Each structure stands twice: as structure tokens, then as C-alpha cells.
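# Summary of the model geometry
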Amino acid sequence: MASSSCPLNEELQCSICLDVFTDPVTTPCGHNFCRTCLNKFWTNTQTCFCPLCKEKFSRRPDLKINTPLREVVQHFKEKLNLGRSEVLCDICDGRNQKAVKSCLTCQSSYCETHLEPHHRVPRLKKHTLINAVENLDDYICQKHERPLELFCRDDQTSVCLSCTEGDHRTHNTVPIEEESQQKKNQLLQTQTDVQQMIQNRMKKIQEIQHSVELRKRNTEKEKSASVELFTVLIRSIERCQSELLKMMEEQQKAAEKQAEDLIKELQQEITDLKKRNTELEQLSHTDDHLHVIQIFSSLYSRPHKNWTEISIDSDVNVLPMNRALTLVKKTHETLKKNLSQTVLKCVLKFSVDVTLDPDTANPYLILSDDGKQVSHGDIEQDAPENPKRFDVGLCVLAKQGFSSGRFYYEVQVKGKTEWSLGVARESINRKEMITLAPEDGFWTVIVKNENQYIVCDNPVVMFSLRVKPEIVGVFVDYEEGLVSFYDVGSSSHIYSFTDQTFTDKLYPYFSPGLNDKGKNSKPLIITPVKIKKNPFL
């Protein structure tokens, strides 16, 4: 494994150690790695496969040095002053002269002085010279001890002339210079591809930065809206407080007026009673008996008011503020729940019968015979090639597709730690790694670690739920561009994609997630919509 502090061309890097190739070897699938890196990688794996494309090999390949590629790497190192090889002349004695060329025929390295005969003597002129290298043995056929001047395209290995008369007699062999040029052309194409990958990743960085900036602006808007909301609430509370104080003052004034009137009435009765008492006193001393008899009835039985039942209430009937706020909160929650229940009542009538399509299922997925359940298996199934099949994404679509109107279905997710549900458009990429985002044709809710919800909207939304759903309902309104998710058990709304534009046919999408050593072995189950028994009807 090479080491360098200088910038590197990615096409000359080993994808394992991420450094410049050292003794590059080529796998049967055509990818290159450092010999040491690949051998170490295969030592730590039970089966031999390409670390880059994951292609499996029935037996461990017999790898040999890719000489043309090594020359390109050597040239690259020299060009960047990475290859400061201190190869010394094999002829110089004690002077430590640096070698400039190595002769594959002589199997020796020479300085400028001792190389001179190879430029002058006719016999030596026929020898094969290369830039000075330390490991000359790698350039010599170990079997015939002759220079590796040819390349066998059948076996993808360098050979000598004697090899073409033996094991490689019927093989397609070309001069090593020709193969080197072809490899260089491939490297140039790879470089172009790498540059395009760099541009794509820079574009992705810009998209991520834009998403972060957009989220920041949305957060600021939400903060502003929250401040405005609480400002309105505070003003409302202040207004209620003012009205309450005013009402208390009015009640107090009314009580004072009532008391004033009662006091006046009492004082008047006191005056009348004093006058009556005087009359009674005078009557008790008179000798006019007839007069006593005549006025007795009016003085004795004169009615008077019963003041024992009359009082001023000292208590003020005021609803405590915390009780009022609690009442407002409960009212809001009730309205919210009633709204979700009302919406669910409406969408239930758009329920459809959904069945899984085995022609789309990833080979690692296991489908039930009735097409209503899907789970992840640890072993790849023997699935025939099909353009509709997902080769990489662990997912499956329904047989039923919709290009208009509204539809609704329910899926049981009870006992699962990882899953994703939603809809996908018909023209999605099914042969490569997928991103569950609307721009790639997916409108889904993703669940990780039992209660971590991820929605690849713009921006990405992450949240958790107080109560984990056991059955999830998915509703789509094609014309309105709406995809909504509901917790059927609690009759609550989970998430909605809004203002979307649909042009392709949409198919229900299911992914049970990885088995995770049995922790997530439960299947996703398409359940019938039970309208009459639904708790929110």
C-alpha cells in the first residue's frame, strides 16, 4: 500500500486504501486494486468478491501484476516527483551512481555511463529498456526468465514470447505497449467519468446547502409565526383580564348600590318603627279605652320586612386563569381529533384492494402466496430477470396502479423496527440505488429504530410519535397532488405531501426493511379496511 501527501488522480487510486496503486492487479470483473490490499481484503472474507462492484467469484482468482497499469502509475509518480526511486547502477562499484534505465534482457540497472553500450552495440540495442525500477523480477517471466513483452487478453495477464508457444498458444495476445495504450485510453475515460462524478457531488453539495438555507428560512418563518401567535394569545389574555377586572368592578359597584339602597330602606323603617313605638307608648297610658280598641288592630298587626334573609354576597365568581387555559387546550385537542376523525371518515370510502406484484419484488424479499404480506429474507431468492424488478432497492410495488382520482389502503406495521410505505411513479429507476424523494418519484414515510420517522420532503423532515402506529393508512388524491399518512388506531394524522404534481401512473410502495438478525422479521401486511368496525366512525 503506497503512501503519499501529494494530490492524486482518483483513477490511479486503489478503492480499498485510497492511495496510489502499488503492484496493481486486475480482478476478472475488470477492477484494479493494490495486490496487498486485495489479498488482505479476501483474507477477512468468507467468499471472494470484488470490493467495488460486489461480483462474486466461484474460486479465488490467480492474480498477476497488471504491468501496463503499473507503468502508468510509475509514470504518474515520476511526473509528480513521487517516484524518487533510489535505484542504483548494478555495475558501479562503491560510487552509488543512480540508475537511469533497467534492461529486462540483462536484468540489470545502469547509470548513464554504463548504459552507453546499449545505445552503441547492435546486439545490445535489441534489448528492452525501461525506466529504472527496483523490482525487476516483476517485469520478468518467472517461468521462462524472459521479458514480459506481451499481454494475454484471455487471461488478463502479462506473458513472454515463450508463454505464447505454450499455455497461451491459442490465446489473444498483443504487444504490451498496445495494451498499455488501451488501458491509458480507458483511464482517460475513467478520468472523464470521475470529473463528472465530482461535478455531480458538487451539485449535490449545493442542493444540500440550498435545502439547509431553505429550512433556515422556513424555521425563521415558523419562529415569526410562533411569536405572532403567542403575541396574539398574550393580547387575548390581557383583554380577557381587562374585561374580567371591569366586570369585577361593575359587580362591586352594583353591590355597593344595592347596599346603599338597602341601608336607605332600613333607615326609613327605623324612623317608622320609632314613630310607631312612640304611638304605642302614648296609647299604653291613655284612658280612652274606645280609642285603644279602634287603633289596636292597625298598630299591632302592621306588616314589616324580614331582613334576616337579606345579605350582600361577599364572594366573586371568577374562573381561574389556569383553568381557562386548560379548557382552551382541551378544546383545541378535541377539535384536532375530531378533524382527523372526520377526514378519515371521508377517505375510507376510497379504499381499494391492493395486492403485491412479485415481478417487482427485490430477490431478497419474501412474498406470501396471497400477495398481502412481505418480509426480508437473509438469502437471495431465485427470481427471474424482469425489467420491472428492483435489483438494489429492498422494495416491492402493488399490481394496481392509479393515474387519476383518489385511493386509500391500510398496512399493518405492528412489531417492526424499520419500514417504509407510500407511493411511487411507474417510471422510477429500478436497477440502481434509489432515493425516496419526490424528485426521484417516491412519496414515502420512512421509519428507523422503531420510532424515528424520516420524510424526504423539501426540506427533509424528522420526528417521532407519542404513540407508535400499528396500522398505517395511506391516502392519495391524484388531481390535488396530495399523499397523506394516518395512524388508524389513534385516528390521527402522521404526515402529508401537498401541492405535488403527478404525471405518471402511481403504484403503492412497500419496503419491510432489513431482517436485522430477526429483530425486524415481522412482515408488512396489507389489511382490509374495516369501515363498520373502525373506531372513529
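As shown above, the structure is provided for reference.
Residues numbered from 1 in each chain as written. Predicted model: local features only at pLDDT ≥ 70, side-chain atom pairs only at ≥ 80, totals over all residues. Heavy atoms only, no water.

Right, let's talk about the overall build of the chain for a bit. Counting secondary structure elements, the chain contains 7 helices and 21 strands. For the chain, the residues scored as buried account for 35% of the 537 residues in total. A fraction of 57% describes how many contacts in the chain between residues 6 or more apart in sequence connect residues 24 or more apart. As presented, the chain carries roughly 34,300 Å² of accessible surface, and 51% of it is formed by carbon and sulfur atoms. (Helix = DSSP H or I, 4+ residues; strand = E, 2+ residues; numbered from the N terminus. Buried < 20%, exposed > 50% of the residue type's maximum accessible area, 1.4 Å probe, protein only. Contact = heavy atoms within 4.5 Å. Areas by Shrake-Rupley, 256 points an atom, 1.4 Å probe, with all protein chains shown as cover.)

One pass over the full model with this rule turns up 13 aromatic pairs. Here Phe 402 and Phe 407 contribute two aromatic rings whose centre-to-centre distance is 4.0 Å and whose plane-to-plane angle is 15 degrees, an arrangement assigned as stacked. For the ring pair Phe 463 and Tyr 495, a centre distance of 6.5 Å and an interplane angle of 15 degrees mean the geometry is stacked. Here Tyr 495 lies in strand S19 (residues 492–497) and Phe 463 lies in strand S16 (residues 461–463), a separation of 32 residues in the sequence. Following the ring pairs from residue to residue traces out a cluster consisting of Trp 419, Tyr 453, Phe 463, Phe 485, Tyr 495 and Phe 497. Positioned above the aromatic ring of Tyr 139, the side-chain terminus of Arg 70 is 4.1 Å from the ring centre. (Phe/Tyr/Trp six-rings, centres within 6.5 Å; stacked < 30°, edge-to-face > 60°. Lys NZ or Arg CZ within 6 Å of the ring centre and 35° of its normal.)

Let us look at the pairing of strand S21 (residues 524–527). On S21, burial covers both faces: Leu 524 and Ile 526 on one face and Ile 525 and Thr 527 on the other are all buried. Strand direction decides the pairing type here: strand S10 (residues 373–376) and S21, joined by 2 bridges, are antiparallel. Within S21, the residue paired with Val 374 across the bridge is Leu 524. (Pairing = 2+ DSSP bridges.)

To continue, consider a nonpolar patch on the surface. On the surface, a nonpolar cluster with roughly 230 Å² of combined accessible area is contributed by Leu 245, Met 247 and Met 248. Looking at where Leu 245 falls in the secondary structure, it is placed in helix H5 (residues 176–284). (Patch = residues over 30% accessible without salt bridge, like charges linked within 9 Å, V, L, I, M, F, W, Y side chains within 5 Å. Salt bridge = Lys/Arg side-chain N within 4 Å of Asp/Glu carboxyl O.)

So, about the sheet that holds S10. Pairing in this open sheet of 7 strands is antiparallel, and the strands run S9-S10-S21-S12-S17-S18-S19 from one edge to the other. The outermost strands of the open sheet, each flanked by one partner alone, are strand S9 (365–367) and S19. Pairwise comparison of adjacent strand axes, ignoring direction, gives a mean angle of 25 degrees for this sheet. Of the strand pairs in this sheet, strand S12 (residues 406–412) and strand S17 (residues 471–477) are connected by 7 bridges, and their pairing is antiparallel. (Axes fitted to C-alpha atoms, helices over the stretch in contact; angles between N-to-C directions.)

Of the consecutive residues Asn 458 and Pro 459, the connecting peptide bond is found in the cis state with omega at 5 degrees. Looking at where Pro 459 falls in the secondary structure, it is placed in the loop between strand S15 (452–455) and S16. At Gln 107, a residue that is not glycine, the phi angle is positive and equals roughly 60 degrees. Relative to the elements of secondary structure, Gln 107 occurs in the loop between strand S3 (101–103) and strand S4 (108–110). What makes Gln 107 partly exposed here is its relative accessible area of 34%. At Lys 517, a position not held by glycine, the phi torsion is positive, near 55 degrees.

This part takes up the pattern of salt bridges. One pass over the structure, following the stated rule, counts 17 salt bridges. Of the charged contacts in the structure, one is a salt bridge between Lys 468 and Glu 450, with a shortest N-O distance of 3.0 Å. A residue pair is termed long-range when its members are at least 10 positions apart, and Lys 468 in the loop between S16 and S17 and Glu 450 in the loop between strand S14 (442–448) and S15 qualify at 18 residues. Each of Asp 23, Arg 35, Arg 70 and Asp 138 takes part in one network of salt bridges that share partners.

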